[in-house]
Amino acid sequence: MSKRPVVRVLIAGAALSIAGCKKGGEPAEPPVTAPVEEVEAIPTANPPPPPPPDSNLPAWDEVASGHPEGATNPPSPFLLVTPDGDCYKGWRGAMMPPRPGEVIGDRVQVCEEGADCGTAIQCPEPRASELLEAHAKGEAPVGKPISPKPEGL
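Conventions we followed
Residues numbered from 1 in each chain as written. Predicted model: local features only at pLDDT ≥ 70, side-chain atom pairs only at ≥ 80, totals over all residues. Heavy atoms only, no water. Helix = DSSP H or I, 4+ residues; strand = E, 2+ residues; numbered from the N terminus. Buried < 20%, exposed > 50% of the residue type's maximum accessible area, 1.4 Å probe, protein only. Areas by Shrake-Rupley, 256 points an atom, 1.4 Å probe, with all protein chains shown as cover. Phe/Tyr/Trp six-rings, centres within 6.5 Å; stacked < 30°, edge-to-face > 60°. Lys NZ or Arg CZ within 6 Å of the ring centre and 35° of its normal. Arc of directions from axis to C-beta. Contact = heavy atoms within 4.5 Å. Pairing = 2+ DSSP bridges.

Undergrad: How should I be thinking about the overall build of the protein chain in this particular structure?
TA: Helix and strand counts for the protein chain come out as one helix and six strands. Seen in sequence order, the protein chain has helices and strands lined up from the N terminus as β-β-β-β-β-β-α. A total of 153 residues make up the protein chain; the buried ones form 18% of that total. In the structure as shown, the protein chain presents an accessible area of about 12400 Å², 57% of it carried by carbon and sulfur atoms.

See the structure below:
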């Protein structure tokens with residue numbers, strides 16, 4: 001028999017250590033390893049669903065224009081979404097020409113407190129989230145902030 005030292009590789013966690021044998025063929029003491037830390041198990045369930053829409057607000061289809069039924073030139077509805085994610089349904093008269101720089105149709109727009117931005121509604125999905133995603137990419141129409149009218153006008 002050959003008297004070559006025997007080398008054993010022990011795997012402890014991610015660390016490798018080599019333990020040689022003492023003369024006489026007896027293995028050396030194994031290296032001392034750090035205690036294993038207990039980690040919290042990662043939940044495997046899907047994330048919770050998003051909260052339901054605010055049922056205190058009307059849905060898109062529940063907001064009427066106030067224009068008489070069957071009258072000519074009814075106003076056109078538009079969706080106004082604020083950068084914070086609030087939604088409003090507004091109406092634009094069909095016979096009104098746009099003012100210079102006015103954005104027509106669905107848009108992302110700041111609505112300051114006290115301003116008439118339309119009727120607050122539950123955000124119609126997926127329209128509202130698509131509009132906000134396009135806004136984040138710089139691809140959505142953006143209107144000027146709607147401010148309240150100064151008093152006395």
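Undergrad: Mind showing me how you'd approach unusual backbone geometry here?
TA: One can expect most non-glycine residues to show negative phi and most peptide bonds to be in trans. With omega at 5 degrees, the peptide bond leading from Glu125 into Pro126 counts as cis. Within the secondary structure layout, Pro126 lies in the loop between β6 (119–121) and α1 (127–136). Even without being a glycine, Asn73 presents a positive backbone phi close to 55 degrees. Position of Asn73 relative to the elements: it lies in the loop between β2 (15–20) and β3 (76–81).

Undergrad: Where do I start with the packing of aromatic side chains in this structure?
TA: Any pair of aromatic rings gets described here by the distance separating the centres and the angle formed by the planes. For the coordinates displayed, the defined rule picks out zero aromatic pairs. A cation sits over an aromatic face here: Lys89 above Trp60, 4.4 Å from the ring centre. Sitting over the face of the ring of Trp60, Arg127 holds its NZ or CZ atom 4.4 Å from the ring centroid.

Undergrad: What should I look at first to understand α1 in this one?
TA: Residues separated by three or four positions in an α-helix point in the same direction, a consequence of the helix having 3.6 residues per turn. If you check which residues of α1 are buried, you get Ala128, Leu131 and Ala134. Viewed end-on, α1 has its buried residues packed into an arc of 130 degrees, placing them on one side of the element. On its buried face, α1 is in contact with β3, β4 (87–92) and β5 (107–108). Downstream of α1 by a residue or two, Gly138 has a phi angle that is positive, lying close to 80 degrees.

Undergrad: I'm lost on the pairing of β3 in this one. Help?
TA: It is a general feature of regular strands that their side chains alternate between the two faces of the sheet. As defined by bridge partners, β3 adjoins β4 across six bridges and the pair is classed as antiparallel. Pairing of Phe78 across the sheet is with Gly90, part of β4. Between the end of β3 and the start of β4, which pair antiparallel, lie five residues, with Gly85 showing a positive phi angle near 100 degrees. In this sheet, β5 lies alongside β3 in parallel orientation, the contact comprising two bridges. Counted as the bridge partner of Val81 is Val108 from β5.

Undergrad: Would you explain the environment of Asn73 in this entry?
TA: You can call Asn73 partly exposed: its relative accessible area is 41%. Put simply, Asn73 and Ala94 are 21 residues apart on the chain and 5.7 Å apart in space, counted from C-alpha to C-alpha.

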